[in-house]
Every structure is written in C-alpha cells, then in structure tokens.
Amino acid sequence: MAQPLKADFDPAALKGFLANRFGDAAMTLERIGGGQSNPTYFVDYGAHRMVLRKKPAGPILRGAHAVDREFRVLEALAPTNVPVPRPVIYHDAAEPLGTPFYLMERLDGRVFHDCSLPGLSAAERRGIYFGMAEAMAKLHAVRPDEVGLGDYGRPGSYFERQIGRWTRQLRESPSDRIPALEAVADWLPQHMPADDGRVSIAHGDFRLGNLLFHPDKPEVIGILDWELSTIGHPLADLGFCSMTWHSTPDEYGGILGLDHDALGIPSQREFLDHYFAHAVPTAPLQRFHLVFSLFRFAVIFVGIADRARAGSAASADAAGKWPLAGRFAVRAQEIIRGARPWSAA
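Residues numbered from 1 in each chain as written. Predicted model: local features only at pLDDT ≥ 70, side-chain atom pairs only at ≥ 80, totals over all residues. Heavy atoms only, no water.

1. Focus on the overall build of the protein chain
Stage number 1. The number of helices and strands found in the protein chain is 10 helices and nine strands.
Stage number 2. Dimensions of the protein chain, computed from C-alpha atoms along their principal axes, come out at roughly 60 × 45 × 45 Å.
Stage number 3. The buried share of the protein chain, reckoned over its 345 residues, is 53%.
Stage number 4. Here the contacts in the protein chain between residues at least 6 apart in sequence split such that 71% fall between residues at least 24 apart. (Helix = DSSP H or I, 4+ residues; strand = E, 2+ residues; numbered from the N terminus. Buried < 20%, exposed > 50% of the residue type's maximum accessible area, 1.4 Å probe, protein only. Contact = heavy atoms within 4.5 Å.)

In structure tokens, the structure reads:
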C-alpha cells in the first residue's frame, strides 16, 4: 500500500495561521498527489473545506511557481461565468509555511486523469469532451481588461515571446540535450503565423486532468492549476488541449491509437468544431499551434526532471517523467513531417 505523501511544512504552523483568522477548530490535512509543480493539499478546518497551494521548498526558477498569479486570476474570474473555485486567502510571506501560499474553496466533483475515461459510457465520454470545449470557450470570451487583468501579461506577439521563453529554458537546462527537441525549437520561429491581434486569458495547461466536472453532469465546475496562465492567445490553449489526440495512453494519458468511435470520444475535428461553435470569433487552429504546444510540454518535462534532480519536485514520480520530453519532441516532428493528419485525428 502506498504511503501518504508528507507535508513539506509543519501542520501545526498552518493550524495556528487558520486559528488567527477563523478561530479555533479541528483541522485535517491531506497532500494531493499527481501534481508536478506547486504542492497541493486538502485542508478541512472546522466548517471550511479548502484546497491549499504553495510554492515548493528549495531553489526554483525565477518567475516559476507564481501562486500569487494563480490567486489573482481566480479572484478576477470568480464573478464571471468561467467555472473556478472561490479564492479564500492569499499569504505572501515565507512564514509560517516556508513559502507563500493561498487557499481556495474545495469543490465536490470528478477529475479525470485518463483521457480514455474508463468506467463511463460512450455518451458520457462524448459529453465530457464537449464540456471541456465549452469551458475553454467561456474562458477565452473574457476580456482581460474588463476583469482587472489588463496587466496580467503583455498583449500581442504571444507566440514569439513564448517560443523565446521556452527555448531559453530548454537551453539553460543542465539536463542532456535532446536533438529532436532542439530541431523543433529551430522550426517554430520559422513557421510562426502572423499575429492576428487576438487576446485572451490563456490558461497555459488546459487539459482534462486540470478540470473538475460536476458529479453527475458533463459540466466543468472548476478549472484548476492556473500557474502558467497569462494574457495570451486562445489558440495556445486549444493547441495544448489538442495534444490528447496526438499522444498515446503511456504518454501522459493521451488517446492516440485508441478506437475513438467505440469509446464515444469525439475526433479532434469534432472537438475543434464544438469549441468554435461556442467561442467568440477566432482564427482556425494551424499545424504551428499544435507543434508549439508539443514543444512547450516537452520543455515542461525537462524542467520537471531538473527539479527532481535538485530535490524540489512536488511529485514523487517526477524523475520518471524525463523520457516524456523526448517522446513529445518526436510527436512534434511527426506533425511537422505530415506523418499523421494533425487536425482530424
């Protein structure tokens, strides 16, 4: 039997902090596994059912693990129709938990980490995927300046800046070079479409495993894990979410190679059509957007492996994620070569 994950802080310190704000009460604390970045916990304190997210202990990259940005975007979106948990408290000092942290309400629902959705009917699977598309469309319909997020990032030239950022992170990594990933990094700036001026809040990690669904309906009730969010382009999230159709079940739970018709999972084309039917007018997804997303995800796995070697990864299995960087680089090269239809899988 797996042992429960240990807290990376003294639970008594958290209890004292909460007592100062809510009065004395009983507390239970449970670390949630599966995340690769910010340590996350269920916290029950008296009648308050919450989730705590904090920066990891140890050295981190500049600008990474920005829990303050996560809290800010939750505060901004809470009054809109975008499904997010209600923010509760943000604490910006290192004490008492060793790093800044925030608390948000805990919602009751379902999280699906396996994109094949085992245990559901074909109709339920189809509904879950379309619910994901609709939640993404709601997010991208929000104008950042109208919810106080006009300075949440720099509008315009999003993909140019992102390619620069992730390429720098790749080349500053102490890990071994991955030739396929280097080749994709060289391809991207040469095939970047012209900036169309479209601006939205980009979640940055929009995928099935970061969505909380209603207990009984195919409806997203909470979009989770906003660490990588910024002002960006909606096609960045759409391309990232589309990677599911271009990765296998052992590549972070994708669905490539599965019988989509038998499972009831919509094709990528159907998913895209459903998104565009609910979204504000947006340019079509192109090959570039999917290649960019695969590249970015591969570099994220390089960073996870680097943190594992430094002993500051949030997940116990972080070190085992290193091979995925190369696998996603290969998937990106397959899209570049046209080895597989990229928008109708």
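2. A look at the pattern of salt bridges
Stage number 1. All chains considered together, the criterion is met by 20 salt bridges.
Stage number 2. In this structure, Arg177 engages Glu182 in a salt bridge whose closest nitrogen and oxygen atoms are separated by 3.4 Å.
Stage number 3. Looking at Arg177, the relative accessible area reads 40%, which means it is partly exposed.
Stage number 4. For Glu182, a relative accessible area of 16% puts it in the buried group. (Salt bridge = Lys/Arg side-chain N within 4 Å of Asp/Glu carboxyl O.)

3. Here we look at helix H10 (residues 322-337)
Stage number 1. Its 16 residues place the ends of H10 24 Å apart at the C-alpha level, agreeing with the 22 Å of an ideal helix rising 1.5 Å per residue.
Stage number 2. Within H10 the residues assigned to the buried category are Leu324, Ala325, Phe328, Ala329, Arg331, Ala332, Glu334 and Ile335.
Stage number 3. For H10, the elements touching its buried residues are helix H5 (179-187) and helix H9 (287-310).
Stage number 4. Within two residues after H10, Gly338 carries a phi angle of roughly 75°, on the positive side. (Expected span 1.5 Å × (residues − 1).)

4. A look at the packing of aromatic side chains
Stage number 1. Within this structure, the stated rule accounts for 19 aromatic pairs.
Stage number 2. Between the aromatic rings of Phe301 and Phe328, the centroid separation amounts to 5.8 Å while the plane-to-plane angle is 20°, which identifies the pairing as stacked. Taken as a pair, Phe301 in helix H9 and Phe328 in helix H10 lie far apart in primary sequence, 27 residues in all.
Stage number 3. With a relative accessible area of 1%, Phe301 lands in the buried category. (Phe/Tyr/Trp six-rings, centres within 6.5 Å; stacked < 30°, edge-to-face > 60°.)

5. Considerations on the side chain of Ser116
Stage number 1. Inspection of the secondary structure puts Ser116 in the loop between strand S5 (101-105) and helix H3 (122-141).
Stage number 2. Engagement of the side chain of Ser116 in a polar contact is seen with the side chain of Asp114, the distance being 2.7 Å.
Stage number 3. Discounting chain neighbours no more than four positions away, the residues touching Ser116 are Arg125, Ile255, Leu258, Leu263 and Ile265. (Polar contact = N/O pair within 3.5 Å; in protein donor to acceptor, adjacent residues only side chain to side chain.)

6. Here we look at the packing of H3 against helix H6 (residues 234-242)
Geometrically, a packed helix pair is captured by the angle between its two axes and the distance between the axes.
Stage number 1. Remark: H3 packs on H6, axes separated minimally by 10 Å, with the N-to-C direction vectors making an angle of 165°. Between H3 and H6, the angle is such that the two are roughly antiparallel. Once H3 is placed against H6, the crossing between them reads as right-handed. Each of Met132, Met136, Leu139 and His140 in H3 lies in contact with H6, whose residues at this interface are Pro234, Asp237, Leu238 and Cys241.
Stage number 2. Of the residues that constitute the contact of H3 with H6, the class distribution is six nonpolar, one polar and one charged. (Axes fitted to C-alpha atoms, helices over the stretch in contact; angles between N-to-C directions. Parallel < 35°, antiparallel > 145°, perpendicular 65-115°, else oblique. Left-handed = near helix turned anticlockwise from the far one by under 90°. Nonpolar A, V, L, I, M, F, W, Y, C, P; charged D, E, K, R; others polar.)

7. Considering the sheet that holds strand S2 (residues 40-45)
Stage number 1. With antiparallel pairing, the five strands of this open sheet are ordered in space as S1-S2-S3-S5-S4. Every other strand in the sheet has two partners, leaving strand S1 (27-31) and strand S4 (87-91) as the edge strands with one partner each. Averaged over all neighbouring strand pairs, the angle between strand axes comes to 20°, with direction disregarded.
Stage number 2. Where strand S3 (residues 48-54) lies against S5, five bridges are found, and the strand directions are antiparallel. Residue Val51 lies in a different strand from S5, and its bridge partner there is Met104.
Stage number 3. This element, helix H2 (residues 67-77), spans S3, S4 and S5 of the sheet and lies at about 150° to S4. (Pairing = 2+ DSSP bridges.)

8. Some details on the environment of Arg327
Stage number 1. As for its position among the elements, Arg327 is in helix H10.
Stage number 2. By relative accessible area, Arg327 is classed as partly exposed at 32%.
Stage number 3. Sequence separation between Arg327 and Leu294 is 33 residues, and the spatial gap between their C-alpha atoms is 9.5 Å.
Stage number 4. Not counting residues up to four positions away in its chain, the partners in contact with Arg327 are Thr248, Asp250 and Glu251.
Stage number 5. Engagement of the side chain of Arg327 in a polar contact is seen with the side chain of Asp250, the distance being 3.1 Å.

9. A closer look at the side chain of Thr230
Stage number 1. Within the element layout of this structure, Thr230 appears in strand S9 (residues 230-232).
Stage number 2. Among all residues touching Thr230, those that are not within four sequence positions of it are Arg69, Tyr152, Gly153, Tyr158, Ser200, Ile201 and Ala202.

10. Comments concerning the packing of helix H4 (residues 158-172) against H5
Stage number 1. Contact geometry for H4 and H5: axes closest at 11 Å, N-to-C directions at 150°. With respect to H5, the element H4 is oriented roughly antiparallel. Taken as a pair, H4 and H5 cross one another with a handedness that is left-handed. Along its contact with H4, which presents Thr167, Leu170 and Arg171, the element H5 presents Leu181, Glu182, Ala185 and Asp186.

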